[in-house]
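# Structural features, examined
As a plain string of letters, each chain reads:
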Amino acid sequence: MDKVKLKFFAAFRETTGQSELDWPLAAGQTAGDVLESLVVEYPALSGGVKSALVMVNRRYATRQTALQPGDEVAFLPPVGGG
Amino acid sequence: MIIKITDQPLDLQELIADVTTEANGGVVAFLGVVRRWNDGPDGQPREVHWLEYEAYKDAAEEVMRDIARQVAEKWGLTSLAMAHRVGHLEIGEPAVAVAVGAPHRGVAFDACEFAIDTLKATVPIWKKESWETGADMGQSWVVNKESLQES
């Protein structure tokens with residue numbers, strides 16, 4: 001089974017109790033597809049992820065971005081730097 | 001060009017020195033500091049005890065380098081240095097530092113404002129605030145009003 005690496009930060013890290021996870025990736029799945037499967041596993045994320053930003057391989061992407069095996073995928077809470 | 005996320009105290013002078021070149025007649029520096037009072041979700045000010053900053057370090061530095069590229073595209077010959085602290089910060093400690101050098105001061109002011117505004121909207125850094133009101137206390141993740149969000 002192909003996999004992507006999910007990264008979690010701030011409120012999402014606390015909600016999942018994980019900083020990173022290997023996550024199964026089916027052929028043709030987008031970041032949005034992975035996010036849906038993640039919310040099934042972690043229903044407590046469902047409210048927070050509505051406003052979440054997406055990064056793929058440390059670059060901003062969208063829910064429509066197609067994923068490749070081995071990609072590093074992060075769903076980010078709105079930011080608070082500065 | 002200094003672009004970094006660090007758990008060490010920030011040194012604004014280091015950033016200023018980085019952008020002070022023979023070509024730059026104007027240098028503008030910005031320091032963002034942890035302040036004692038911050039408004040809660042109800043708009044009422046709360047006393048802040050400390051902040052805890054967390055970054056997606058590699059991505060944050062990449063987005064900061066992208067801000068430097070945008071500054072170069074918009075204003076041409078400018079020098080930019082940016083640093084953001086992570087970890088536990090007390091009141092009065094600098095959390096973010098930006099220095100810009102340009103041939104003339106107008107561009108340096110504009111580019112410095114653009115850099116800090118864009119950092120607050122786009123760089124993947126989060127802060128948890130430990131706060132207290134007369135009646136209540138707690139810890140909350142604080143979101144920038146400028147932040148990009150999925151709408």
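Residues numbered from 1 in each chain as written. Chains lettered and ligands numbered in written order. Predicted model: local features only at pLDDT ≥ 70, side-chain atom pairs only at ≥ 80, totals over all residues.

### Brief notes about the overall build of chain A
The line we're drawing: Strands here are runs of E lasting at least two residues and helices are runs of H or I lasting at least four, both read from the DSSP assignment and numbered beginning at the N terminus. Only C-alpha atoms enter the radius of gyration, while the globule expectation follows 2.2 Å times N to the 0.38, with N the number of residues. For every residue, the other C-beta atoms within 10 Å of its own C-beta are counted; 20 or more classify it as buried, 12 or fewer as exposed, and values in between as partly exposed. C-beta atoms are placed from the backbone. Contact criterion: two residues are in contact if their C-beta atoms, reconstructed from the backbone, are within 7 Å.
Along chain A, the regular secondary structure elements total two helices and five strands. Order of helices (α) and strands (β) in chain A, N terminus to C terminus: β-α-β-α-β-β-β. Taken over C-alpha atoms, the radius of gyration comes to 12 Å for chain A, in line with the 12 Å a tight globule of 82 residues would show. Seen along its three principal axes, the alpha-carbon backbone of chain A occupies a region of about 35 × 25 × 20 Å. Looking at chain A as a whole, 33% of its 82 residues qualify as buried. Here the contacts in chain A between residues at least 6 apart in sequence split such that 53% fall between residues at least 24 apart.

### Structural notes on the nonpolar core
Across soluble globular proteins, nonpolar side chains show a tendency to be buried alongside one another. This is how it is decided: Among buried residues, those of type Ala, Val, Leu, Ile, Met, Phe, Trp, Tyr and Cys that are joined through C-beta atoms within 7 Å form a set called a nonpolar core.
Counting residues in each nonpolar core, the largest one holds 59 residues, and the members touching the most others are Ala60, Val98, Val100, Ala111 and Ala115 of chain B. Ignoring anything within four residues of it in the chain, the contact list for Ala60 of chain B reads Ile5, Ala55, Val123, Pro124 and Ile125 of chain B.

### Overview of the sheet that holds strand S5 (residues 72-76) of chain A
Residues and elements named next belong to chain A. Heads up, the rule is: In this analysis, strands are considered paired if DSSP registers two or more bridges between them. Helix axes use the C-alpha atoms of the stretch in contact, all axes being lines fitted to C-alpha atoms, and the angles between their N-to-C directions lie in the range 0 to 180 degrees.
With mixed pairing, five strands are arranged side by side in an open sheet as S2-S1-S5-S3-S4. Taken across any chain shown, the strands that pair with only one partner, and hence form the sheet edges, are strand S2 (20-24) and strand S4 (59-61). Between one strand axis and the next, the sheet turns through 35° on average, direction left out of account. Bridge count for strand S1 (residues 3-7) against S2 is five bridges, and the pairing is antiparallel. Across the sheet, the residue bridging to Lys3 is Pro24, located in S2. Contacting S1, S2, strand S3 (53-56), S4 and S5, helix H2 (residues 31-41) runs over the sheet at an angle of about 65° to S5.

### Observations concerning the interface of chain B and chain A
Accessible area lost on assembly of the parts is the figure often given for the size of an interface. Taken together, the contact between chain B and chain A spans 25 residues of the former and 18 residues of the latter. Broken down by secondary-structure element, the contributors of at least two residues to the side of chain B that touches chain A are helix H2 (57-75), strand S7 (94-102), helix H3 (105-122), strand S8 (125-132) and strand S9 (137-142) of chain B.

### Focus: the confidence of the model for chain B
Short version of the rule: pLDDT expresses, on a scale from 0 to 100, how confident the predictor is about each individual residue.
For chain B, per-residue confidence averages 96 on the pLDDT scale, and residues scoring 70 or more make up 99% of the total. The ipTM, which scores confidence in the relative placement of chains, is 0.96 for this predicted complex, and the corresponding pTM is 0.96.

### Details of unusual backbone geometry
Residue and element names in this part refer to chain A. Backbone geometry at Ala10 places phi at a positive 50°, although glycine is not the residue there. Among the secondary structure elements, Ala10 is positioned in helix H1 (residues 10-16). Phi is positive for Asn57, which is not a glycine, with a value near 50°. Positionally, Asn57 belongs in the loop between S3 and S4. Asn57 gets classed as partly exposed once you count the C-beta atoms within 10 Å, which come to 18.

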